[in-house]
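A structural walkthrough
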Amino acid sequence: MRDDPSGARQDKAAFISVRDLSRSFGASTVVRDVTLDIRAGEILVLLGPNGAGKSTLLNMIGGTLQPSAGTMALDGQAVDFDSYIAGSARSRGIQRVFQELSTFPNLTVGENLALTSRQKAGSSRREMMRRARERLQVFPGNCIDVCAEVSQLSVAERQMVEIARAMTEPGTHLVILDEPTSALSLQEADQLADLVSRKAAEGVAIIYVTHKLEEALRLADRVVVLRDGRLHFDGDGRTLTHDRLLTLLGATAEPTMPASAQVTDAAQRELLTVRGLSAPRLHDVGIHVCEGEIVGIAGLEGAGQRELLQAVFDARRSTIGAIVSQSDMAYVSGDRKREGLLPLWTVEDNVAISAAPRFSRFGFVNFAALKATAGDWLAELGLSHRANSPIVSLSGGNQQRALLGRALASEAQLLLLDDPTRGVDASAKASIYSILDKVKEKGRSAILYSTEVAEFQKCDRVYVMARGHVVAEFSGAEATEERIVQASFMQPSSLQGRGQVSNGTSPPKTVKVEPAAAASAQPLSGQASFGHLLSWRSLPAALLMVAMFALAFWLQPNALSTFGLELLLQASMPLAFAVLAQMLFLLGGDIDLGLGFAIGLANVLAATYLVDAPAIAMIAMLGIVMGYVLLAFIVEILGVSSVVATLGASFVWLGLGLMVRETPGGQSPEWLAALTRFKLWPLPLACYVLLALALLGLWICQGWGYSIRLRALGHNRRTYVSLGFSALAGRITLYALAGVFAVLSGLVLTAATGAGNAHVASNFTLATIAAVVVGGASFAGGLVSPIGAVMAVVGISLITTNLGFLGISSEYSTAIGGLALITALSFRSLSRSTAS
Amino acid sequence: MNQTTSIIDRPAPLPEAPVGLWRRLLRQSWIGALAAALFLWLLAGVVTGSLSLSFLLANATIAGFLALAGTAQMVVIASKPGNFDLSLPYVITFGAYIMSAGLLGQGNIAGSLALTVLAGGLAGALNALLIVRLRIPAIVATLASGYIIYSLIVAIQGGGFTRVGGLFEAALRLRIAGVSGALAATIATLALVAILLSRTVFGLQLHAMGQNGEAARLAGVRRGWLTLGTFVLSGVLAAWLGALLATYQGGVSADLGRSYLLGSVAAVVVGGTRITGGITSVLGTAIGALVLTLAQSDLILLQLSIGAQYVIQGLIVLGTVCLVAARSSNRG
């Protein structure tokens, strides 16, 4: 079934010519002999059921996956796949908008746009932000702040940033859009459609993947349908109809399900009652579910359906505020990978886990009975033959059936179905529906949230949600697709008049500003800066440092002199160098548990060789840096956890240190000691060094051309790699720099102590982690604050000093350090939870 | 970064179809460690000129202590990817001090033991509280609580300490056919933990949570309580180890637990258990501990300096972890 794409469109030369492209994973071939030409200025809509091979094909074209067979030519030049990684695809004018958003939440909008831009940096930050603002104008009237971190944006705004990033890159020849409108409002989707048409008119080729057939019909010059990895259809999109598309996609004619919805008996027991539930993204929601009822929750994506299901699940078998639940519940998520699969286990174990508490006595599981139950459910689902297969080896549809089996095995009366048919093919869908029928027959109930309106035909009643409100309720035959869709776009009555309207159905009658909004619209500048201060990540470190300084000056007023300051700050110098090393690890999302001994080794080497054989000392210290580079290879290439790799390395560092010098001793070269005695009026040297270190750290994290990339890598390695950057290069940079700072810390220690001792810095390892975290780093990676870290180091060192002034054993400084750490973190977790 | 493998490595609660015993044995994650332990024992035999079982058993007693620490660490590691218990060495030392402090009267060994275990459980509960309530990553929460426990140790350090002595010490030091009482006690403890992990709802749910916390929550696992159980178990094991060490060695010092931070993770890793969460193997950890202990004894026999001993131990850890990672990424 292939319309020859001949005629008028032959006149333009193909930008990409794909010939017999195939890709297999193990035994299964996902893409088979696909031949395709994509011409400049053409909008090609790629359709296909889930698992048809669309993503795989796009990955090969986009250069993130190597084909097993076949050739490809770009602009008439044959592509060598070995060198055709995503980076080179981008440099050849191919941009991609990913289905899973690939912006980095820890970077600002401007930085995200600059990250992939080929227009090289060298320009100022202001210039970067100006350019970002300009590029975002593809969505006129958007209110995205380019200086805000993407984590503060809504999903729709993130998607807009993502689209703007791909569509506004100069020199683009091909843009691949993978379901770009899933999070957008109608208005934004319209803007995108305009943009796509405009770009095509400029001569950019567009590949547009979508599941929304209306979108396909509206945009397509040409439609390509993939089925089972083969090119099933390739033809003119302008002459296609909705029904024809459905047929091409293999959809059996509308499954006219018998109206299984009967008028429910009013006397039925209510399993769940929700009244006036308000939560983040939920406003005054009320629903109820009776025994043996399937209740649908419809609405546009992100209208609060998932939040409602989660809130209901959290209240299972209990009464929490607005939710009264009479029964246990089981949750089935369509996001199998994140919320369903236990990937290390077999299908049977995956099903059995929910039933384990039922088949236990005194906490001990009766495995025979558990196995029997799991087996029964698997037999019912027709999965018995796969019971002992690893669950990850199953197809998406079968995985979903197994997860339904898990929910059923729990014997919970109420099933919460969160888009259970997401990403499964038609036959699996049908089998999931039939399971639902059985559920109902057995008197169990379900709440079904689905992104496909047609699925609500199964339901006895359907609630429709919009913007966190329940805006309509239909029962039985009333619940037609048209009505549901219409209700989805309704304006919740309490929201009327809030200015922005997503579509023209109900224009606001009166434009009244809510009191709360009015209050926030005119913030007092003092309050604003106070709020700004509270949200400053390094605030705990700053408070700690200031408090410790105040305490020190109060206890020892004569410390407030150049010499006094010098004494106060000297102890923190080696630790400050070390903290930068640890910070670089945390920047990359890693931890260095060997840092203290690496510093000890550098210290021993310096004290032993620097006087007599400086060359040996230098080479050996270079060896430490090389050791860190080696660790980068181990962590990056082999995927070993940095905790374990550096822990192993710590044995090696310590051992080497002891081999060089088993007992403390040695000497510091005169020039090194002289360097630390250097006077620079009016402040002690330590002040300048600490400030310089903080600024150097800041430059590494913010100012350097590479720093945006390093932060991106630290936050999300997978996305970073998929953008075509080398994670290995990034990690080597981070680790090598960390090694350099470790060596410097060892040298400073040598100068300060005048001797070498392999154990001298053994408590630095944990102290630096504490300081970096108190200073404002996030363990998610890619988010550190060098200034905060240095302030924390000063504060933590001063704790010991102050305890000395107070005549308390310095050993207690660890307790205060620990408390500071907990306080800082709980402060942050509190401010985070109030913010969200 | 780490791909999931399809190999289930846990004490199989649901027995599989019968496979050849040998083939099944060879598929175990700890088989490499077992071979290494055998090799190290033979090496000691070659160096000393006689292959002695008592050498092995003497090492096993020391290895048993390490295995307890390793098991405590392993439970935490299995509960979530990236989880580590950095407070472990401090809890061990703390337990040892409480055991020898004789707070409930000098002769009251049972009372001291109960108090020690209770203190360990409380330390674990503190960790869990920080992790669950304040949503602090485990590695930082245990770092902070470790600091606080260390200060507690310093605070009680001044009080007098006596040998625990009595029947308990005698029992731990008693040797029957070369097997010390301490070794028997650790083996019994490890067996209990193995049963807890493989036969109970707690164990099953712990493995589920470690693989995919969100999926486990939606499958009805109460993550907060399970995390509490995990860290309490870890704390109790550590304190119990402290009590054993204090009694068996006849004294305590503030450094008692120090080597167990690195050692506990090393034992898990060398035992062949992947540390990506959701996997435990008490046997593997015990064998890993034996390998590390034997390696150290061999190096002492070979008259290597303390520095060289550390270097070689470090290389063993790095080598195994790289090997395990390389093997699993090939499979994935």
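Throughout this description, residue numbers start from 1 for each chain and increase along the sequence as written. To label them, take the chains in the order written and letter them from A, then take the ligands in the order written and number them from 1. Totals for whole chains, interfaces and linings use every residue, but because this is a predicted model, local features are given only for residues with pLDDT of at least 70 and side-chain atom pairs only at 80 or more, for both listing and counting.

Contacts here follow a simple rule: the backbone-placed C-beta atoms of the two residues must lie within 7 Å. Opposite the 69 residues of chain A that make contact, chain B presents 61 residues. Secondary structure elements follow DSSP: runs of H or I of four or more residues count as helices, runs of E of two or more count as strands, with numbering from the N terminus. With 14 residues, the single largest contributor to the side of chain A that touches chain B is helix 23 (residues 642-660) of chain A. Across the side of chain A that touches chain B, the residue classes break down as 40 nonpolar, 20 polar and 9 charged. Ten residues, namely Ala, Val, Leu, Ile, Met, Phe, Trp, Tyr, Cys and Pro, are considered nonpolar, four, namely Asp, Glu, Lys and Arg, are considered charged, and the remaining ones, Gly among them, are considered polar.

Let's shift gears to the sheet that holds strand 22 (residues 469-475) of chain A. Residue and element names in this part refer to chain A. Spatial ordering of the open sheet is given by 16-19-20-13-21-22, a layout of 6 strands whose pairing is mixed. Every other strand in the sheet has two partners, leaving strand 16 (329-333) and strand 22 as the edge strands with one partner each. For this sheet, the mean angle separating the axes of adjacent strands, direction not counted, is 20°. Sheet topology note: the strand 13 (residues 294-299)/strand 21 (residues 461-466) ladder contains 5 bridges and is parallel. Following DSSP output, two strands are said to pair if at least two bridges run between them. Here an angle of 0 to 180 degrees is reported between the N-to-C directions of two axes, which are lines fitted to C-alpha atoms, with helices fitted over the stretch in contact.

Residues and elements named next belong to chain A. Relative to the assigned elements, leucine 575 resides in helix 20 (residues 572-587). For every residue, the other C-beta atoms within 10 Å of its own C-beta are counted; 20 or more classify it as buried, 12 or fewer as exposed, and values in between as partly exposed. C-beta atoms are placed from the backbone. With 25 C-beta atoms counted inside 10 Å, the residue leucine 575 sits in the buried group. Between the alpha carbons of leucine 575 and phenylalanine 764 there is a distance of 6.8 Å; along the sequence they are 189 residues apart.

Residues and elements named next belong to chain B. Taken over all residues, the pLDDT of chain B has a mean of 86, while the share at 70 or more is 92%. pLDDT gives the predictor's per-residue confidence on a scale running from 0 to 100. Long-range and interchain partners of residues 1-18, a stretch whose pLDDT sits below 50, account for 38 contacts in this model, where long-range means more than four residues apart. Scored by ipTM, the complex comes to 0.86, with pTM at 0.83.

Residue and element names in this part refer to chain A. One open sheet holds the 4 strands; their spatial order is 12-11-15-14, and the pairing between them is antiparallel. Each having just a single partner strand, strand 12 (282-290) and strand 14 (319-320) make up the two edges of the open sheet. Direction of pairing for strand 11 (residues 270-279) relative to strand 12: antiparallel, over a ladder of 6 bridges. When the bridges of strand 12 are listed, valine 274 appears paired with isoleucine 287. The sheet contacts of helix 9 (residues 305-314) involve strand 11, strand 12, strand 14 and strand 15 (323-325), and relative to strand 11 the element is tilted by about 120°.

Attention now moves to the domain arrangement of chain A. Those domain boundaries reflect an automatic or database domain assignment. Under the domain assignment used here, chain A contains domain 1 (7-93 + 171-248), domain 2 (270-493) and domain 3 (535-835). Inter-centroid distance (C-alpha atoms) of domain 1 of chain A to domain 2 of chain A is 34 Å.

Moving on, we get to helix 13 (residues 282-301) of chain B. Each α-helix turn comprises 3.6 residues. Residues three or four places apart therefore point the same way. Residues and elements named next belong to chain B. Take the residue count of a helix, subtract one, and multiply by 1.5 Å to get its expected span. Across its 20 residues, helix 13 extends 28 Å between first and last C-alpha, which sits within 8% of the 28 Å expected from 1.5 Å per residue. Counting buried positions along helix 13 gives 18 out of 20 residues, so the element sits mostly inside the fold. Once helix 13 finishes, glutamine 303 follows within two positions and takes phi at roughly 60°, a positive value.

It is worth spelling out the environment of A:Arg828 at this point. Residues and elements named next belong to chain A. Here arginine 828 is to be found in helix 31 (residues 813-835). When the 21 C-beta atoms within 10 Å are taken as the criterion, arginine 828 is described as buried. Put simply, arginine 828 and serine 535 are 293 residues apart on the chain and 8.5 Å apart in space, counted from C-alpha to C-alpha.

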